[in-house]
Amino acid sequence: MDGRDRPGQHVPGGPSPPGRRSVTVQSDEVRLEQLTVDLLYARLDELRRTTRARLAQVRRSGPSGSPQNRSERDAFATLYEDRAALLEAVEDRLCFGRLDFDEDPTRYIGRIGLTDEHHTSILTDWRAPAAQAFYRATAAQRDGVYRRRHLVTRGRTVTALEDDVLDLGRTTGPGGEGDLVLSGEGALLASLAAARTGRMGDIVATIQAEQDAIIRSDLQGALVVQGGPGTGKTAVALHRAAYLLYAHRRLLERSGVLLVGPSRSFLRYIDQVLPSLGETGVVSTTISDLLPGVAGRAQEDPAVAEVKGRPEMAEVVARAVRARQRVPAEDVHVRVDGYDVVVRRRDVRDAIARARRLHKPHNLARVTFVREMLNRLAQQYAEQLTYSLPSDERAEVVEELRTTREIRVALNLAWMPLTPQKLVEDLYAKPHRLAEAAPRTSAADRRLLRREPGSPWTEADIPLLDEAAELLGEDDQAARAQARRDAEQRTESLDYARQVLESSGAAGGLVDAETLADRFSGGGSHQTTAERAAQDRTWTYAHLVVDEAQELSAMAWRMLLRRCPTRSMTIVGDVAQTSSPAGARSWSAMLTPLLRDSWRSAELTVNYRTPEAVASSARSMALEAGLPVSPLTSARVVPDALRVHPTAEDDLVEAAARNAAGALDEVRQDGAGQVAVIAPERLLGALRRAVGLPDVDGRSSGSDDPVVVLSARESKGLEFDAVVLVEPGDLVDGPGGASDLYVAMTRPTKLLHVVHTQPLPGGIAD
Ligand SMILES: Nc1ncnc2c1ncn2[C@@H]1O[C@H](COP(=O)(O)OP(=O)(O)OP(=O)(O)O)[C@@H](O)[C@H]1O
């Protein structure tokens, strides 16, 4: 533990222990706990050995037998490989807790559940109902628990014990265990003070009560979690995903869970958390990458992104699609085989009306329109013959008409087959199309949308393309028939996989039927649900987790909701940190029009990241700037955490680099520790050179370098031991305004240097 840390003020539901704590670690107790921990690791080792042996046996059986046998053998090989990997992944802090009950036997809590060779539970999975008291029991509501113990381990060695004594009347434990060990500074503060590595870790050993209530909240409906910076929203969202997969595996395994984060660097920052909790099947992506086959990477003016994100853009896209179903200005006369046929305006009008009545997507309904028109044209043709047309000849005539160039052109002009890209590109490139589709958008806003054909797509384009894809549809009858056959086969495979898992005694929660079924039904293509889902625009997920959700525009929400028809969602964010002009300033203003009353909200109120002095400076600045900040109490007080350096203009970059180097020296622990220099865009290049980083765009965010240089926006969701904040006044004047500054100020876990030449925004130095 960092000796300079001390717990902050105690708050209800916050990090303060609900019972008494002791600072004494009693060596006898540690020795006793070590015996238990040794037993648990011995069992883990044994399971690893068995799994490896089974894997070797399966591999030895060689490539013989029927395709079904081979497929099963491959499936078992993968099953044992996955199990082996999972058993490796739980090495660190396998067991971290113990509950002592008035009546029930003592229970140990850990990363996974373990049973001994007689199938008696020796370790309870943190997600099981039997573990809930470890996170929730308080002195006021003990649920039969008289003591909660945190086991702090390094490798396989127990180094400390910390107790919450919930039954304050007790002085000794049952069975003559001797004096109770009362805990002092908690495992929580120790983990908060640990040096950062550029990768987020799990919090499974120290989840707090208000967080646990969210993690275990019902699967149904949309849960919105509002919380200030550092309140554990990301941590809670990830642990909730792991919890839901454990508690509702059968329900979730088929269609999967989608996690949407703000950027690729953020996804990289969090990518170790779910695997460390034994879950690998979640699809993680960003809005830019959510539409298969298109990536929205180009930079965009925030004013343009704001227009593209407005809810009325849905109507604009819909009108643009309908505008491609149009009656021609005049009848079109065509000669086919010496006969006159006329593409008549009134026939086109009738055929359009008939096709629209089907309420199918544009490209699918077009099939009906074309069929209807060809029938009418064939009728005209037949009426000119001296004999009545037999049905086989009629089919030939229809084909002849279909392939006649003028007719094809006329029908296309009336009902054009379109890709989403073509539709949206035309909308941006052709002012008359946009004016027709967006009559209520001002001319100035329409000018903002203008761009050349072939321009690269941006993040704000993706929801519009998705909206277009939804309305256009694909003529995918064959693909859908195949998908139906796949789904049927998959249901059989899942049932079979469950039987196999039950009869082979695979450890609960470690390998799911989903994974095994993927292997059974793969027939060579070993795609997991996650892989299949990520490639399919129309895939619908059983649960959706959205982080930094305040940034999403109304159009992005529509795109996400299409992927989650059950509306079972975990939405976490902070409306005071919104930097996107199309994002949410109020949850209810954004979500009520989309979800009506099918969402509920929860709030996180304790800041676990930022030292008290830094958090309160950030808060006063934010309040003065009128941001909707949440009430927040800081868990940690770190002396001298906020340092302000007025600087001469010509020394700004050097001063920032000096402070970054000094801060790194200060926060380095055992080779770990990370400092971020957060600055306005115009200074990033010079700062990168000054701290010795290559001057490459987007280089540093989320990287593992000891010193990184990034914009406020890139720092969103991340954290560092120390932050050197350069020229905060510039950030307030930038596109993200005070929200960007609020984000930047709340990234450090230990130390914030503010280096400036211009006057400081109000509130910072109060
Ligand atoms: N119960 C806990 N035990 C240990 N660490 C915790 C706990 N809760 C939160 N933390 C730590 O606090 C830090 C902040 O958490 P997190 O990034 O989830 O916050 P956030 O609310 O998403 O912040 P922001 O809004 O700034 O992105 C992380 O290092 C996280 O691991």
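Since we're looking at a predicted model, the values are computed, not measured. (Residues numbered from 1 in each chain as written. Predicted model: local features only at pLDDT ≥ 70, side-chain atom pairs only at ≥ 80, totals over all residues.)

**Section: the overall build of the chain**
The condition is simple: Where helices and strands are cited, they refer to DSSP runs of H or I of at least four residues and of E of at least two residues respectively, numbered from the N terminus. The exposure label follows from counting other C-beta atoms within 10 Å of a residue's C-beta, where the C-beta atoms are placed from the backbone and the thresholds are 20 or more for buried and 12 or fewer for exposed, leaving partly exposed in between. A pair of residues counts as a contact when their C-beta atoms, built from backbone coordinates, are within 7 Å of each other.
Within the chain one finds 29 helices and 23 strands. Per-residue burial for the chain yields a buried fraction of 46% across its 766 residues. Long-range contacts, defined as pairs at least 24 residues apart, comprise 75% of the intrachain contacts of the chain with a sequence gap of at least 6.

**Regarding the packing of helix α25 (residues 612–624) against helix α29 (residues 737–745)**
For clarity, the threshold we go by: Axes here refer to lines fitted to C-alpha atoms; in helices the fit is confined to the stretch in contact. Angles between the N-to-C directions go from 0 to 180 degrees. Throughout, the term roughly parallel applies to angles under 35 degrees, roughly antiparallel to angles over 145, roughly perpendicular to angles from 65 to 115, and oblique to all others. For this classification, Asp, Glu, Lys and Arg are treated as charged, while Ala, Val, Leu, Ile, Met, Phe, Trp, Tyr, Cys and Pro are nonpolar and the rest, including Gly, are polar.
Closest axis-to-axis distance for the α25/α29 pair is 9 Å, and the angle between their directions is 175°. With respect to α29, the axis of α25 lies roughly antiparallel. Residue-level contacts link V614, S617, A618, M621 and A622 of α25 to A738, L741, Y742 and M745 of α29. For the contact of α25 with α29, the residue count by class is 8 nonpolar, 1 polar and no charged.

**Things to note about α25**
For clarity, the cut-off: By definition here, a helix of n residues has an expected span of 1.5 Å times n minus one.
Given a rise of 1.5 Å per residue, 13 residues ought to cover 18 Å, and the 18 Å separating the end C-alpha atoms of α25 matches this to within 8%. Here α25 has its buried residues at E612, V614, A615, S617, A618, R619, M621 and A622. Contacts from the buried residues of α25 go to β16 (606–607), β17 (633–634), β18 (636–637), β19 (642–646), α29 and β23 (748–756). Looking at the residues trailing α25, positive phi occurs at G626, about 80°.

**Comments concerning the environment of N412**
Considering the arrangement of structural elements, one finds N412 in helix α15 (residues 405–414). For N412, a count of 13 C-beta atoms within 10 Å puts it in the partly exposed group. For the pair N412 and Q325, spaced 87 residues apart in sequence, the C-alpha separation works out to 9.0 Å.

**Things to note about the UniProt feature "binding site: ATP" (unreviewed entry) in the chain**
Note the cut-off: UniProt positions are given in the numbering used here, feature names are shortened, and annotations may be inferred rather than shown by experiment.
When the UniProt feature table is mapped to this numbering, "binding site: ATP" (unreviewed entry) covers G227, G228, P229, G230, T231, G232, K233 and T234. With 27 C-beta atoms packed within 10 Å, T231 lands in the buried category. Those residues in contact with T231 that lie beyond four places of it in its chain are L604, T605, V606, N607 and Y608. If sequence neighbours within four positions are ignored, K233 has contacts with V225, G227, V572, G573 and L604.

**Points about the nonpolar core**
The condition that has to hold: Only buried residues count toward a nonpolar core: Ala, Val, Leu, Ile, Met, Phe, Trp, Tyr and Cys, linked into one set through C-beta atoms within 7 Å.
With 172 residues, the main nonpolar core has A241, A656, V677 and L687 as its most contacted residues. The element best represented in this core is helix α6 (residues 233–247), accounting for 10 residues. Discounting chain neighbours no more than four positions away, the residues touching A241 are V257, L259, L274, E279, V282 and V545. Counting 20 residues, the second largest nonpolar core, distinct from the first, contains L377, A378, Y381 and V397.

**Quick look at the pairing of strand β13 (residues 543–546)**
Strand residues, when the strand is regular, have side chains that alternate between the two faces of the sheet. Under the convention used in this document: Paired strands are those between which DSSP finds at least two bridges. When the strands point away from the viewer and the connection leading from the first strand across the helix to the second strand turns clockwise, the crossover is called right-handed.
Burial along β13 is two-sided: the residues H543 and V545 and L544 and V546 are all buried. Strand direction decides the pairing type here: strand β9 (residues 257–260) and β13, joined by 4 bridges, are parallel. Bridged to V260 within β13 is V546. Bridge analysis of β13 against strand β14 (residues 569–573) gives 3 bridges, and the strand direction is parallel. Counted as the bridge partner of V546 is I571 from β14. Where the polypeptide runs from β13 across helix α23 (residues 554–562) and back to β14, its parallel neighbour, the crossover connection is right-handed.

**Notes on the sheet that holds strand β5 (residues 121–125)**
The sheet built from 6 strands is open, its strands ordered β4-β5-β3-β2-β6-β7 with mixed pairing. Strands with a single pairing partner mark the edges of an open sheet, and in this sheet they are β4 (114–115) and β7 (157–165). Sheet topology note: the β4/β5 ladder contains 2 bridges and is antiparallel. Note that in β5 the partner of T115 across the bridge is S121.

**Here's the deal with the site of the ligand**
Applicable threshold: Placing the C-beta atom from the backbone, one calls a residue near a molecule or strand if that atom lies within 6 Å of it.
Around the ligand there are 23 residues in total, and T206, P229, G232, K233 and T234 lie nearest to it. Residue assignment for the shell around the ligand shows that the elements contributing at least two residues are α4 (187–193) and α6. Its residues placed into classes, the shell around the ligand shows 7 nonpolar, 12 polar and 4 charged.

**What about unusual backbone geometry?**
Positive phi is not limited to glycine here, since R596 has a value of about 50°. Mapped onto the fold, R596 is located in the loop between α24 (587–595) and β15 (599–604). At E727, a position not held by glycine, the phi torsion is positive, near 50°. Examined against the element boundaries, E727 turns out to sit in the loop between β22 (720–726) and α28 (728–733). Judged by the 22 C-beta atoms lying within 10 Å of it, E727 is buried.

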